[in-house]
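# Report on the structure
These are the residues of each chain, in order.
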Amino acid sequence: MHGRKMWRLALVYLFVIFWSFIVLFPFFWLITTSFKTPIAVARGPLYLPFIDFAPTGEHWEYLFTSQRDTVLRHFRNSLIVALGSTLLAVVLGAMAGYGLSRFRYHWRLTGWRNDGIAFWIISNRFLPPAAFVVPFLILYTTAGLIDTHIGLIIAYTMFNVPFAVWIMRDFFNGLPIDLEESARVDGATRWQAFTRIVLPLSTPGIVAVSIFSFIFSWNEFLYALMLTNYDAITLPVLIAGQNTNRGIEWWFISALTLVAVMPVVLIGLFLERFITRGLMAGAVKG
Amino acid sequence: MAARIVPYTTESSQPKREVNVDQTAAPSGPVGPTRQRRGSLEDRIMKQAFLLPAVILLIALVIFPLLWSLGISFTDIQRGGAARAGPGLLGLGFDLTGGNYARLLRDQRLHIATFNTVFFVFVGVTIQYALGLFLAMVLDQPFKGRNVARVIFLLPMMTTPVAVGYLGRMFFDPARSPIADLLRRVPAMFGAGPIAVPWLTNPDYARWTIVLIESWQWTPFMTLLLLAGLQTIPSQLYEAARVDGATALQVFRSIIFPLLLPISVTAILIRGLEIFKIIDIIVVSTGGGPGSSTESLTMYVFRTALTFGNYGYAAAIAFVLLVLIVVFTTIFLTVARMITLRVN
Amino acid sequence: MKRRFSIFVLGAILLGGLLSSGLAQDGRFDGQTVVVVTQTGRSIGGPVEDFAPDWEAETGGEVQLQQFAFGELFEKIISSFETGAASYDVLIFPADWAGDFMGPGHLEPIPAELQEQLEWDDVVGLYGERLTAWGDTVYALPYDGDSHMLYYRKDLVDGPEYGAEFEAEYGYPLTEPQSWSQYRDIAEFFHGRTVETAGQEASIYGALEAQRRNAQSYWVYLSRAAGYGKVPGNPCFFFSCEDMTPQVNNPGWVRALEEYIEIRDFGDPNMINYDVSDTRSYFPAGQSVLNIDWGDVGTISIDEAASIVAGDVGFGVLPGGDEYWDYEAGEWVTPMDGPNHAPFIAFGGWIIGVAADSDVTEAALDFAAFMAAPEMVKQLAVTGGTGINPSRFSQLEEVDMWVEAGFDRESAVDYLDAILNTINHPNAVLDLRIRGSAEYFQALDAEVSRALVGEIDAQTALDNVAELWDGITERFGREDQLDQYRNAVGWTGM
């Protein structure tokens, strides 16, 4: 029996290491490639800096000097849009989630009650952006929202709010109602009970929602390309733009990609448990 | 998972006698008449105030545009300012026409895009489920560093898909990528010549390559979901099975799979629906080529709307995608239900 | 790279000196931001990156560069115009898009004084008169002169080693290919052969041509189609000038596509994913004998950091067709005096325009003039990687400039001759520059791409394109399009 267990453990470690390698190696490659000279790339693949090739910081330098304004502009826009959309999603999602958790709704028009409403809200998450390309283009053109931060924020909210509602509702369902009730007995209004008692207790859920909304908004490409031209254009568009003309400049793309990916990776690394919890919530209920 | 206190039932079994929509959740403290009345009005307002903002937003951003898009698909609206022949319906600048839908039937590029998209979904989901399940079972085992592994596994999911597309392009490059290198060195160890795989240059291979890239990014998602499911399986069941002398396969078939079914269904559904939307990875790695072997429906809508400015036709194509998604969901849930019944 | 760089720096200093001596350092555009939009990469956009600081220093204005992948550039610009977003002030765009930009009046007319300042007479006819103007109004400044040409390894083709063997096999002497069938023969002959490149023995591909979808490769196809489909004396190549019938699926074009597909057998199997930015990197790296591209390969081939074939590259006018399809007569015609050369003014070149809806028009015009200045483009044309090719007589005549840049005299003369013969050729084919040109080309690109991988055959692909083109024409209004096309090619109504 001991032997079997050892075998098993060894096998487990083997697979874990193997898969970790598959996951991490591309990132390692990005980092080393950003330090390679063009010739080193063309002759490639070369793996270890200092051993296989002489690393150079010139691409990073280029990125932070000539390209600095461009990169900063895209970065700043990504940040504004991601934060704005996250805020909106959290606020609206928490409110709706709370409502669906504490009240009983009944929409006569469709005959839905809480579950039905929740299901409808969540289902919006899965609608294809393609179906909204045309109406959004026309709508945004008419409303003058093209190339504005608020325009993109609103568009992203369409995807972030359903998810937020889903997570928050689930979270609130797990919160015992006693605390709110005793607060109300003491004279607090519903809103006060919500903001002063419930929300602080829901920090894990809020963090999970925020992370997901932020990551989604940070990584989104289609709407960004479509709805922004210059003032509000985000990082994914910049990266995708290197596509043909610089397609061969792996060193530059690697550096740029690292810059774009870094914030989200850091969030993921430090706040991983919230992500995992968020993924599992609701989904486990099925 | 610890038992959760659910003060208000969210199960679908709602009390049938519900009439008054102002009723709040059953309070667990003393209720006085004054507070009840004041609570009534305040509660009624607050009840709507909590839910309505999100709902209104969704109606404005989802329902309305969808309906509008359906309408547009029956016209020949072009991106503003495009010169037309004739003033159109009521001088509004466009005509009503069923032409877009007629064109759908003839359009080969659409058929190919549809095939590609469906291919990505089915093959992608299969690979990701199989691999994800396997990895979840591995991660379910207790071992040191499990939390670190979990964190590492998350990384691909958080990278922007366009960047993942580039990674794919670099890694599947036929000459300068580590994969090409691997395919050179390994056969060389056996004295054979390099294996040349036309990852991105052969139409049939390219489709698979796209699926591989997508799977690299999203298998962790499946893994985490399935892992969560695995962790709800009480260990007594495993114990009992071991006592009974069941083989690993039997354990899998009679314990793991059935208990994992609900979350498997959810995971596959979610992932499948996500793959339907694929565009980022493709745009950057192959641009839809070679030929048109990797162009997805979303890409085609995008091209039609943005490059050609043909809004009417783009809306029609988008509806094809929407219908496809609805059909997929319906069929999948039906099949899932059948399997669940069968297994249970 | 070092030498190139120092020439650049010297040039920049010289330019700075020249220009600042002409313009007052008065900060007249203080606080104004000029947004420039063009394609990504060092090509075309690079010079803006490099020289904008000089302009900024003199005028106090600020230049912001917004770049997009070529495949998205058109839609972003047209979107900005048509949605009223007015996001861009200066546009550096392919002259082909004139129909969509100049026609509807999205661009600011160029004032006469500015034209004088830029020495308009120095600009080669086609670029100065036709490509930067719409009707009688000039709407853009010439920046990059574009045409496709032939590149070949003259050390192998003109050298002594292979002549006899080639002649024995094919029945004619091995020399610069004049026709597409000769081009094909040479590709076949050398493909897979081990030859000496820069002192090293290695196997070589016959030809390298861009074939990537949704990039700039369809111009390479069009270069072939020109040889087989351009009727001497008839400027109407893409459409019939009688009734706007697309010619894209006539036997000449079909044959060109079949050969474009066939060349895959004698080239790098990965070319299906290569855009011109890839092939113009690989050809100077010595990977093939033949190449079709814009003039950039010339300057790249003498850049030591990027090329190992400096001095071994021959330059020529595009091969022609042994025969061409006369679509009005409905038959193949074999020209009396040799293959039907029809140099293709691919792309028309990048030109610089100013948006009519810009709110910093003066600053924008000033910056545009700064980038298009004769001294500036002269410098850029001889520098590899800038993407700027000659469009002025002065650039083509001052051989010394090219020699200084690194060409040996013989190659320099060869190169400039090829370009001059191309852009001044009586049978030159102008690119399509009517409304919707981007759309017409997208349709072409998609179907050609499918034929390239064997999804459909050449005739079917081009029939599809013809049908799509008709659809586009109808949508814009057949009469309108016909009018525009006639104007664009200067049809005199014969």
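Residues numbered from 1 in each chain as written. Chains lettered and ligands numbered in written order. Predicted model: local features only at pLDDT ≥ 70, side-chain atom pairs only at ≥ 80, totals over all residues.

## Quick word on the overall build of chain B
When helices and strands are tallied, chain B shows twelve helices and zero strands. Considering only intrachain contacts with a sequence separation of at least 6, the fraction spanning at least 24 residues in chain B is 68%. (Helix = DSSP H or I, 4+ residues; strand = E, 2+ residues; numbered from the N terminus. Contact = placed C-beta atoms within 7 Å.)

## Looking at the interface of chain B and chain A
Tallying the contact residues gives 90 residues for chain B and 91 residues for chain A. Its residues assigned to classes, the side of chain B that touches chain A comprises 63 nonpolar, 17 polar and ten charged. (Nonpolar A, V, L, I, M, F, W, Y, C, P; charged D, E, K, R; others polar.)

## Describing the sheet that holds strand β7 (residues 149–153) of chain C
Residues and elements named next belong to chain C. The mixed open sheet is built from four strands, whose spatial order is β10-β11-β7-β12. Each edge of the open sheet is held by one strand with a lone partner, namely β10 (205–208) and β12 (313–316). With strand direction ignored, the average angle separating the axes of adjacent strands in the sheet is 15 degrees. One ladder, built from three bridges, connects β10 with strand β11 (residues 288–293); its direction is parallel. Looking at the pairing, A207 lines up with L290 of β11. Across the sheet, helix α9 (residues 180–190) is in contact with β10 and β11; its angle to β11 comes to roughly 145 degrees. The strands that helix α18 (residues 409–423) touches are β7 and β12; relative to β12, the one it contacts most, it runs at about 20 degrees. (Pairing = 2+ DSSP bridges. Axes fitted to C-alpha atoms, helices over the stretch in contact; angles between N-to-C directions.)

## A closer look at the interface of chain C and chain A
Taken residue by residue, the interface counts 27 residues in chain C and 19 residues in chain A. Elements represented by at least two residues in the side of chain C that touches chain A include exactly β1 (33–39), β2 (62–68), α3 (70–82) and α12 (276–282) of chain C. With six residues, α3 of chain C is the single largest residue contributor to the side of chain C that touches chain A. Per-class residue counts for the side of chain C that touches chain A are eight nonpolar, 14 polar and five charged.

## Some details on the packing of helix α8 (residues 178–185) of chain A against helix α9 (residues 190–201) of chain A
If you want to describe how two helices pack, look at the angle between their axes and the distance between the axes. Residue and element names in this part refer to chain A. It is at 10 Å that the axes of α8 and α9 come closest, and there the two elements cross at 135 degrees. In terms of their interaxial angle, α8 and α9 are classed as oblique. Pair α8 / α9 crosses with right-handed handedness. Between α8 and α9, the residues in contact are L179, E180, A183 and R184 and A193, I197 and V198, respectively. (Parallel < 35°, antiparallel > 145°, perpendicular 65-115°, else oblique. Left-handed = near helix turned anticlockwise from the far one by under 90°.)

## Looking at helix α20 (residues 458–476) of chain C
Residue and element names in this part refer to chain C. End to end, α20 covers 27 Å across 19 residues, agreeing with the expected 27 Å (1.5 Å per residue, within 8%). Looking at α20, one finds that the buried residues are A458, A461, L462, N464, V465, A466, L468, W469, I472, T473, R475 and F476. Buried positions along α20 lie against α11 (251–262), α19 (437–452) and α21 (478–489). (Expected span 1.5 Å × (residues − 1). Buried ≥ 20, exposed ≤ 12 C-beta atoms within 10 Å, placed from the backbone.)

## Regarding the nonpolar core
Note on soluble globular proteins: their nonpolar side chains tend to be buried together. The biggest cluster of nonpolar side chains holds 338 residues, and the ones touching the most others in it are V133 of chain A, I317 and A318 of chain B together with V90, L257 and A368 of chain C. Each residue touching V90 of chain C, except ones within four places of it in the same chain, is listed here: V34, V36, I352, V354, A364, F367 and A368 of chain C. (Core = buried A, V, L, I, M, F, W, Y, C linked by C-beta atoms within 7 Å.)

## Side note on the environment of L269 of chain B
Within the fold, L269 of chain B resides in helix α9 (residues 248–276). Each residue touching L269 of chain B, except ones within four places of it in the same chain, is listed here: T329 and F332 of chain B.

## Focus on the domain arrangement of chain A
Residue and element names in this part refer to chain A. Domain parsing of chain A yields domain 1 (1–65) and domain 2 (67–280). Taken together, the contacts link 13 residues of domain 1 with twelve residues of domain 2. Put simply, the parts of the chain that give the side of domain 1 that touches domain 2 at least two residues each are α1 (2–33), α2 (38–43) and α3 (58–64). At five residues, α3 tops the list of elements feeding residues into the side of domain 1 that touches domain 2. Partitioning the side of domain 1 that touches domain 2 into residue classes produces eight nonpolar, four polar and one charged. (Domains from an automatic or database assignment.)

## Concerning the packing of helix α6 (residues 130–143) of chain A against helix α11 (residues 297–307) of chain B
At a minimum axis distance of 9 Å, the contact between α6 of chain A and α11 of chain B shows a crossing angle of 20 degrees. Regarding the angle of α6 of chain A to α11 of chain B, the classification is roughly parallel. Classified by chirality, the crossing of α11 of chain B by α6 of chain A is right-handed. For the pair α6 of chain A and α11 of chain B, the contacting residues are A130, V133, V134 and L137 of chain A in the first and L297, T298, V301, F302 and A305 of chain B in the second.

## Structural notes on the domain arrangement of chain B
All names here are of chain B. Partitioning chain B into domains gives domain 1 (50–97) and domain 2 (112–343). Each of domain 1 and domain 2 has a C-alpha centre, and these two points are 34 Å apart. Listed by partner, the interface residues are ten residues for domain 1 and eight residues for domain 2. Of the residues belonging to the side of domain 1 that touches domain 2, the class tally is four nonpolar, four polar and two charged.

## Re the confidence of the model for chain B
A low pLDDT means the predicted coordinates there should not be read in detail. Residue and element names in this part refer to chain B. Scored by pLDDT, chain B comes out at a mean of 81, with 85% of its residues at no less than 70. Averaged over each element, pLDDT in chain B is lowest for helix α1 (residues 33–72) (81) and highest for helix α3 (residues 108–140) (93). Confidence drops under a pLDDT of 50 for residues 1–38, and excluding neighbours within four residues, the segment shows 37 contacts in the predicted structure. For this predicted complex, the interface confidence reaches an ipTM of 0.87, while the overall pTM sits at 0.83. (pLDDT = per-residue confidence, 0-100.)

## Some words on the sheet that holds strand β6 (residues 140–142) of chain C
Residues and elements named next belong to chain C. One open sheet accounts for five strands, arranged β2-β1-β3-β16-β6; its pairing is mixed. Across the chains shown, the open sheet's two edge strands, defined by having one partner strand only, are β2 and β6. Taken over all neighbouring pairs, the strand axes of this sheet differ in orientation by 25 degrees on average, direction set aside. For strand β3 (residues 90–94) and strand β16 (residues 350–354), the ladder comprises five bridges, and the chain directions are antiparallel. In the sheet register, L91 faces β16, and the bridge partner there is G353. Helix α2 (residues 45–59) contacts β1 and β2 of the sheet and is inclined by roughly 170 degrees relative to β2.

## Here's the deal with α9 of chain C
All names here are of chain C. Where burial is concerned, most of α9 is hidden: eight out of the eleven residues are buried. Residues of α9 that are buried include every one of W180, Y183, R184, D185, I186, A187, F189 and F190, and no others. The inward-facing, buried residues of α9 abut α7 (154–157), α8 (163–170), β10, α10 (218–229), α11 and β11. Positive phi appears at G192, one or two residues downstream of α9, with a value of about 85 degrees.

## What about the pairing of β12 of chain C?
All names here are of chain C. The side-chain alternation of β12 yields two buried faces, one formed by V313 and F315 and the other by G314 and G316. Bridging between β7 and β12 involves four bridges; their strand directions are antiparallel. Of the residues in β12, the one forming a bridge with Y152 is G314.

## Here we look at the pairing of β2 of chain C
Residue and element names in this part refer to chain C. Within β2, five of the seven residues are buried, which leaves the element mostly enclosed by the surrounding structure. Bridge analysis of β1 against β2 gives seven bridges, and the strand direction is parallel. What sits directly across from V37, in β2, is Q66. Following the chain from β1 across α2 to the adjacent parallel β2, one finds a crossover that is right-handed. (Right-handed = clockwise from strand over helix to strand, strands pointing away.)

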